[in-house]
Amino acid sequence: MNTYNSIFDYKKNKKSILTLGTFDGVHIGHQKILKKLVSEADVDGLESILLTFFPHPRMVLKQDEKIQLLNTIEEKSILIQETGVQNLIIHPFDATFSELSAEDFVKKILIDQLNLAKIIIGYDHKFGKNRSADINDLIRLGKKYNFEVEQISAKEIDDISISSTKIRKALSNGNVELANSYLGHNYSLVGTIVEGKKIGRTIDYPTANLQVSENYKLVPKNGVYVVSSSFDNKTFYGMMNIGNNPTVLGDSNSIEIHFFDFNEDIYTKEICVNLLSRIRDERKFDSLNELKKQLDLDKEFSKNYILENV
């Protein structure tokens, strides 16, 4: 897959078929659309393009609203590559770009720059300055500039919207297995391993502290989770705590992972942690000894889960 950081970096003479949107999560609904894009590109001999924007438009236009996304832009790129799309364009979204009229967007961007022959788009898609143009305007412009408009059905769009909402809700409730079923892959957190208080090693549960790379990334509900991660092409399993460590009077949220049968030095390294299942809520224990007893039970649960489900 070719990845471009601007619409203006894309330069190909071949006609294209394109879809556009945020595709947050690249979940099973998104995957269905992207498979259609790739299939039709193959049949019609066109270049397949997914056009997305970063920062997310709401980060620019509604800065007073906190937005939480299922993917960082790097995670999204990896997931999109797996669908077989030939070209991913991640265009910087800013106030200037938001002022582009609907017709200028079609003529200057889709036609002149991306050589559009066909666009696959939702029936409810809005575009142009103040999102003033809709699918009917796009069809009219398609006739004017000689490109085809294929609408994604209301049912498919509703399914996508419902899935995104359900995924965010499931993660906020700690139900990662439900979220994973909608995603079609495991939800993950990517970040750098940083120094912690090293209390875990005193009770034989050393942990790696994960500092998530982007503050807009949705972190699931506090609690203890079964997780996996890969190092040097080998998968390791473990359990992860999201929370403020009340037993040791933690004063801020952290993400700590204890990997089973693992002795590698991963400080300062960036890792990807896949969430498989939630074990329990975070709790305050009367002593480190009581905490260790619970961690022993958590470890037993985790290893049984892995044996039965992985």
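Up top is the structure.
Residues numbered from 1 in each chain as written. Predicted model: local features only at pLDDT ≥ 70, side-chain atom pairs only at ≥ 80, totals over all residues. Heavy atoms only, no water.

Asker: How should the pairing of strand 11 (residues 254-259) be read in this particular structure?
Answerer: Looking down a regular strand, the side chains alternate between one sheet face and the other. A large share of strand 11 lies buried, amounting to six of its six residues. By the alternation rule, side chains of strand 11 split into Ser254, Glu256 and His258 and Ile255, Ile257 and Phe259, which are all buried. With two bridges connecting them, strand 8 (residues 208-212) and strand 11 associate as antiparallel partners. When the sheet's bridge partners are listed, Asn209 is paired in strand 11 with Glu256. Looking at chain direction, strand 10 (residues 234-243) and strand 11 are connected through six bridges and run antiparallel. Looking at the pairing, Met239 lines up with His258 of strand 11. (Buried < 20%, exposed > 50% of the residue type's maximum accessible area, 1.4 Å probe, protein only. Helix = DSSP H or I, 4+ residues; strand = E, 2+ residues; numbered from the N terminus. Pairing = 2+ DSSP bridges.)

Asker: What am I meant to see in unusual backbone geometry here?
Answerer: Residues other than glycine predominantly adopt negative phi, and peptide bonds predominantly adopt the trans conformation. Cis geometry marks the peptide bond from Phe54 to Pro55, where omega comes out at 5°. For Pro55, the position within the fold is in the loop between strand 3 (47-54) and helix 2 (57-61). The phi angle at Asn146 is positive, at roughly 65°, despite the residue not being glycine. Its location among the elements puts Asn146 in the loop between helix 6 (135-145) and strand 6 (148-152). Looking at Asn146, the relative accessible area reads 66%, which means it is exposed. Unusually for a residue other than glycine, Thr268 sits at a positive phi of about 75°. Inspection of the secondary structure assignment puts Thr268 in the loop between strand 11 and strand 12 (270-280).

Asker: Sorry, what's going on with the pairing of strand 6 here?
Answerer: Bridge count for strand 5 (residues 116-122) against strand 6 is five bridges, and the pairing is parallel. Directly across from Gly122, in strand 6, lies its bridge partner Ile152. With helix 6 bridging strand 5 and the parallel strand 6, this β-α-β connection has right-handed handedness. (Right-handed = clockwise from strand over helix to strand, strands pointing away.)

Asker: I would appreciate a short explanation of the sheet that holds strand 5 in the present structure.
Answerer: Spatially, 1-4-3-2-5-6 is the arrangement adopted by the six strands of the open sheet, whose pairing is parallel. Only two strands of the sheet have a single partner each, and these edge strands are strand 1 (2-4) and strand 6. Here the average twist between neighbouring strands, direction ignored, is 20°. Packing of helix 3 (residues 73-81) onto the sheet brings it into contact with strand 3 and strand 4 (87-92), and relative to strand 4 it is tilted by some 160°. Taken strand by strand, helix 5 (residues 102-111) contacts strand 2 (16-20), strand 3 and strand 5, and its axis lies near 125° from that of strand 5. (Axes fitted to C-alpha atoms, helices over the stretch in contact; angles between N-to-C directions. Contact = heavy atoms within 4.5 Å.)

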